[in-house]
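Tertiary structure, described
As a plain string of letters, each chain reads:
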Amino acid sequence: MVLCQKAELIAIVLSALVLSFAQSFTPHHPQSSSFQQQCLTKLSVNLRDALEKSRRISQQQPAVNLLDALDTSTSTPLCSGEVVPMMWEDTSKLLSKNAFRVGLPPNLLGELRAYANRMGITDFYRKLVVEDRPYNPGTENVIRFQGYKWMVQRPKSHWASNMHWTSPADEEAHDDYLRVLSAGGFDEVLEGVGTYFGLEALSAYHLSFIGVSQCEKGFIHADVTESGTMAFNMIIPLILEDEGPELEILSDDETTTRYYKYEYNVASMVGDNALHATASCDYQEKGTMRMAATVYVGDITPGNVNNLLLSLTQAYPPVGNAQHLLDRAGSHW
């Protein structure tokens, strides 16, 4: 339906343009009437074929409904550790059953910002995505921040953005990051998530910082799959620009898209098969960027550990080492 309506609108506009173009020849072209008729006849045939093709496409698969207006999640204030489903004002049903908002403790934002600044991570991101010195797509590199090993990775070109991920490259760096989360009161978040989902235990098993200043079109993906609703990725905004939504959420039936505006002191949290992407953005003219911390938390069990490992792309936890994760199951809640 949406494709057909768009094609019909294009047809009207093009018809008007071609007719105007044809009429512009009237004072100079001795056969202007014939020329106009030939143009319009050919245009009519081409547009009829295009419309028929669009109708066939729309019948073969559901059209994705992309709203033109800015669509934001209902911003209800949340207490620390409070978990609520993502809901939009224009729909009464859940768009994605595993997309949530989580209230954060008031000290966490300051602790994470101070840590990123102290380690040199914030300035590093400014060089990558603001001063336009990015890694090539698909590149990864291990570097040191304040003596700790971190891996920097830029995803492949199908992500169509200059986003980079920076994560602890070994257990020592991972534990250093964990100490900052603890100082910021992240235990309250684990308590809230564990209680909300009725979990046995939780570990913060994969940590990173992400930064971006330009995204042409987000790559739809899921961070976690088939964990038994026992693992989630939390995105904690640290630096935001007031230019529209940052997260694109695709409905579970893959027919509807909504846009979520990040909030300070609130994490967006996605779980099993929650399809999402970075929303299109461009902060480059302003010389600014967006940065966030990400924390994967999960109730790690023999039944889901291999699926958890499949979703990880960086150096720590060790790729393919199920026993390493199982040995650390339940270490934080």
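It should be noted that the structure appears before, not after, this text.
This section reports on the structure supplied with the text. (Residues numbered from 1 in each chain as written. Predicted model: local features only at pLDDT ≥ 70, side-chain atom pairs only at ≥ 80, totals over all residues. Heavy atoms only, no water.)

Observations concerning the sheet that holds strand β5 (residues 148-153)
Hydrogen bonds between backbone atoms are what pair the strands of a sheet, whose relative direction is either parallel or antiparallel. With antiparallel pairing, the nine strands of this open sheet are ordered in space as β2-β3-β12-β9-β15-β7-β6-β5-β4. The open sheet has two edge strands with one neighbour each: β2 (83-85) and β4 (140-145). Adjacent strand axes in the sheet meet at a mean angle of 30°, parallel and antiparallel pairs treated alike. In terms of strand pairing, strand β9 (residues 231-239) meets strand β15 (residues 290-298) through eight bridges, oriented antiparallel. By the bridge assignment for β15, A231 is matched with G298. (Pairing = 2+ DSSP bridges. Helix = DSSP H or I, 4+ residues; strand = E, 2+ residues; numbered from the N terminus. Axes fitted to C-alpha atoms, helices over the stretch in contact; angles between N-to-C directions.)

Focus on the layout of surface pockets
Empty space within the largest pocket amounts to approximately 670 Å³. Taken together, 36 residues form the lining of the largest pocket, with W159, W165, H221, D223 and Y296 sitting closest to its centre. Elements supplying a minimum of two residues to the lining of the largest pocket: β6 (164-168), β7 (203-212), β9, β13 (276-278) and β15. Residues that form the lining of the largest pocket fall into these classes: 16 nonpolar, 14 polar and six charged. (1 Å grid on protein atoms, 1.4 Å probe; cavity = no way out; pocket = protein on both sides within 12 Å on 5 of 7 lines; lining within 4 Å. Points joined across faces, edges and corners; volume = space filled by probe spheres on them. Nonpolar A, V, L, I, M, F, W, Y, C, P; charged D, E, K, R; others polar.)

Examining the pairing of β9
When you tally the buried positions in β9, you get eight out of nine residues, the bulk of the element. In terms of strand pairing, β9 meets strand β12 (residues 266-270) through three bridges, oriented antiparallel. Along β12, the bridge assignment pairs I235 with S268. (Buried < 20%, exposed > 50% of the residue type's maximum accessible area, 1.4 Å probe, protein only.)

Notes on the nonpolar core
Core analysis: the largest hydrophobic core is formed by 48 residues, its most contacted members being W150, F186, F209 and I236. The element contributing the most residues to this core is helix α3 (residues 108-119), with six residues. With 19 residues, the next largest nonpolar core counts M86, L95, Y260 and A292 among its residues. (Core = buried A, V, L, I, M, F, W, Y, C linked by side-chain atoms within 4.5 Å.)

Let's talk about helix α6 (residues 186-197)
The end-to-end C-alpha distance of α6 is 17 Å, a good match for the 16 Å that twelve residues give at a rise of 1.5 Å each. Of the residues one or two after α6, G198 is the one with positive phi, at around 65°. (Expected span 1.5 Å × (residues − 1).)

Quick notes on unusual backbone geometry
In this structure, the amide linkage connecting Y316 to the following residue, P317, adopts the cis form with an omega of 0°. For Q146, which is not glycine, the phi torsion reads 50° and is therefore positive. By the element assignment, Q146 lies in the loop between β4 and β5. Positive phi values are uncommon outside glycine, yet E226 reaches one of about 50°. Position of E226 relative to the elements: it lies in the loop between β8 (214-215) and β9.

Comments concerning the packing of aromatic side chains
For any pair of aromatic rings, geometry is given as the distance between the ring centres together with the angle between the planes. For the structure shown, the criterion picks out 17 aromatic pairs. Taken together, a centroid distance of 6.3 Å and an interplanar angle of 85° make the contact between F100 and F232 edge-to-face. Residue F100 is found in strand β3 (residues 99-103), and its partner F232 is found in strand β9; the two are separated by 132 residues along the sequence. Residue F232 is classed as buried on the basis of its relative accessible area of 0%. With a centroid separation of 6.0 Å and an interplanar angle of 75°, the aromatic rings of Y260 and Y262 are classed as edge-to-face. Taking the relative accessible area as the measure of exposure, Y260 reaches 0% and is therefore buried. Here the aromatic residues Y115, F124, Y125, F145, W150, Y177 and F209 are joined through ring pairs into a cluster of three or more. (Phe/Tyr/Trp six-rings, centres within 6.5 Å; stacked < 30°, edge-to-face > 60°.)

Quick look at helix α4 (residues 121-130)
Listed as buried for α4 are I121, T122, F124, Y125, L128 and V129. Around the axis of α4, the buried residues are gathered within 155° of arc, so they sit on the same side. Trailing α4 by a residue or two, D132 shows a phi angle of about 60°, which is positive. (Arc of directions from axis to C-beta.)

The values reported here are purely geometric and, on their own, carry no functional implication.
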